[in-house]
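In case you want the letters, here they are:
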Amino acid sequence: MSEQESAAPAPDPNDPGLLTPAEVGLLTDQYELAMAASYHRREMNQPAIFELFARHLPANRDWLLAAGLGPTLRLVRELRFGERELAYLNSVGFADDFLDYLSRFRFAGEVHALPEGTACFANEPLLRVVGPRIDAQLLETLLLNQINFQTMVATKAARVVLAAGSGEPGAGERVIDFSPRRDHGTDAAMKVARSSAVAGCGGTSNVAAAMRYGLRPVGTMAHSYVMSFHREQDAFRAFMEDSPGNTVILVDTYDTLEGVRNAISASRATGEPLNGVRIDSGDLLELSRSARSLLDEAGMREALIVASGDLEEHRIAELVGVGAPIDRWGVGTELGTSRDSPVVNGVYKLVADMTDGEWRGVWKRSPEKATHPGPKQVFRRFQDGRMAGDLIAAEDEDVDGEPLLVPVMQQGKILHVESLDEIRARTASQLASLPDGLRRPEPAREPYPVTYSERLQRAVT
């Protein structure tokens, strides 16, 4: 490397930390590079197969909703090691010949994966990578970083959608992502908005995500707006005059029901139809019932009631179950952080490599972390339109059921591109096909049946 190239970039403690797709090469654990350098030195770059899966379902979860594949494939396709990154690696001791290899890095392998919006379970591969050992190894941290988080959020959002629809997925349009102010950083806020849309949510308060992904931007006003005026009714009139067509009014800054009356008066005074009222605190059942009565008595039966304020699937299911007249649910902190189950503990494991021209299955035998060898496929059976059981089998086995993993990348080129509408349709179909016991917020009495084929069981005995 030249003297200029070998000069490591000066660290900047105030760098925002945002990465372009071409800068994610170093978004990796140090040991990935150390292993890759050793493989390179020892000429161990034969084809290998890795699989990404969760050994156990997260706490409070009976299933997962696969998400994040589309953006992740874009990152894999664009992954590069530029001069700045190579200079840094040179400064921390990586050899020039390995850095030369990285300078030419372009992932040219294969990826098979569950399409986004697919319900899945423990030990089922969400994604399989086939490629030179070094290249496949270098993807580990990035894939886990992207797929684990987005699957976590999509699963939480799907549970909220089901709760809003009494166990049916058709109520997704009633759920709005209100999470960006509580999300764990700017990248997380974008991924939460997209993953919520994957799950079927009907909009987001995140305007950047709405623009980027073609989502519906949704918002009303804050309490600070109301308190900026001497009288609540003045605030409502000003907002209606200045935001025609967006007249969902926040009514609980002072007295909620008096706020509803003031919103009705402001609508009459300005001539702007009252689209709805938002209640952000208090007894949502009683307040929504009283608000509905006031709106109906005023002839404003089309005005919506929007609820927000630390909502999650259990509370929403409870309110829906007792008939609360709430039309929209704004879900923030619980959606963006999945507070009751904040981790999908996905892992990325070597399952086969090429030895003397033949594939060799490999697997871990350590207690609690044992795996099964070879590339796998998941076959799903249905009965009367409902999911009846999954079989994890070797990729080339001929067994009954619908194979779930599909080819999504070949020779580094993306094969599988879907719109959010297509993904949302799959999600709705998958959620509708879940057994009844898996569509409620409470833990299922019986786990969904997932078994290994006899061939895979024999392989580890």
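In what follows, the structure referred to is the one given above.
**Q** Is there a simple way to explain the environment of L73 in this structure?
**A** Summarising the element assignment, L73 is placed in helix α2 (residues 69-78). Residue L73 is classed as buried on the basis of its relative accessible area, which comes to 3%. The sequence separation of L73 and L57 amounts to 16 residues, and the corresponding C-alpha distance is 24 Å. With residues near it in sequence (within four places) discarded, L73 still touches V111, V408, M409, I414 and H416.

**Q** What's the story with the sheet that holds strand β19 (residues 450-452) in this structure? I'm lost.
**A** Backbone-to-backbone hydrogen bonds join strands into a sheet, with any given pair of strands oriented parallel or antiparallel. Taken in spatial order, the 4 strands of this open sheet run β16-β14-β15-β19, and their pairing is mixed. Each end of this open sheet is capped by a strand with a single partner; those strands are β16 (402-403) and β19. Where strand β15 (residues 386-394) lies against β19, 3 bridges are found, and the strand directions are parallel. The partner of L391 across the bridge, within β19, is T451. Each of β14 (376-383) and β15 touches helix α15 (residues 420-433); the most contacted strand, β15, lies at about 105° to it.

**Q** Explain the layout of surface pockets here, please?
**A** In this structure, the largest pocket spans a volume of roughly 1,200 Å³. Elements with a contribution of two residues or more to the lining of the largest pocket: α2, α6 (140-164), α7 (186-199), α8 (207-213) and α15. Tallying contributions element by element places α2 first for the lining of the largest pocket, with 8 residues. Tallied by class, the residues present in the lining of the largest pocket amount to 18 nonpolar, 11 polar and 9 charged.

**Q** Can you help me understand the packing of aromatic side chains in this one?
**A** What describes a pair of aromatic rings is the distance from one ring centre to the other and the angle between the planes of the rings. Scanning all chains against the criterion turns up 6 aromatic pairs. Residues Y225 and F229 carry aromatic rings whose centres are separated by 5.1 Å and whose planes lie at 55° to one another, so their mutual orientation is tilted. Looking at F229, the relative accessible area reads 27%, which means it is partly exposed. Cluster of aromatic residues (ring-pair linked, three or more members): Y225, F229 and F239.

**Q** Please clarify how the side chain of E85 should be interpreted in this entry.
**A** Mapped onto the fold, E85 is located in helix α3 (residues 83-91). Summary of buried charges: E85 has no salt-bridge partner, and the nearest side chain of opposite charge, R84, is 4.9 Å away. Filtering out sequence-adjacent residues up to four positions away, E85 remains in contact with E23 and L26.

**Q** What should I look at first to understand the pattern of salt bridges in this one?
**A** Opposite charge on two side chains lets them pair, provided their charged atoms get close. Applying the stated criterion across every chain, the model contains 30 salt bridges. In this structure, R61 engages D340 in a salt bridge whose closest nitrogen and oxygen atoms are separated by 2.9 Å. With R61 in the loop between β1 (47-54) and β2 (64-65) and D340 in the loop between α14 (333-337) and β12 (346-355), this residue pair connects regions lying 279 residues apart in the sequence. When the shortest N-O distance is used, the salt bridge between R133 and D353 registers 3.2 Å. Here R133 is found in helix α5 (residues 133-138), whereas its partner D353 is found in strand β12, with 220 residues between them in sequence. Looking at R133, the relative accessible area reads 7%, which means it is buried. Where salt bridges share partners, they join R61, K156, R159, E313 and D340 into one cluster.

Criteria and cut-off values
Residues numbered from 1 in each chain as written. Predicted model: local features only at pLDDT ≥ 70, side-chain atom pairs only at ≥ 80, totals over all residues. Heavy atoms only, no water. Helix = DSSP H or I, 4+ residues; strand = E, 2+ residues; numbered from the N terminus. Buried < 20%, exposed > 50% of the residue type's maximum accessible area, 1.4 Å probe, protein only. Contact = heavy atoms within 4.5 Å. Pairing = 2+ DSSP bridges. Axes fitted to C-alpha atoms, helices over the stretch in contact; angles between N-to-C directions. 1 Å grid on protein atoms, 1.4 Å probe; cavity = no way out; pocket = protein on both sides within 12 Å on 5 of 7 lines; lining within 4 Å. Points joined across faces, edges and corners; volume = space filled by probe spheres on them. Nonpolar A, V, L, I, M, F, W, Y, C, P; charged D, E, K, R; others polar. Phe/Tyr/Trp six-rings, centres within 6.5 Å; stacked < 30°, edge-to-face > 60°. Lys, Arg positive; Asp, Glu negative; His and termini not counted. Salt bridge = Lys/Arg side-chain N within 4 Å of Asp/Glu carboxyl O.

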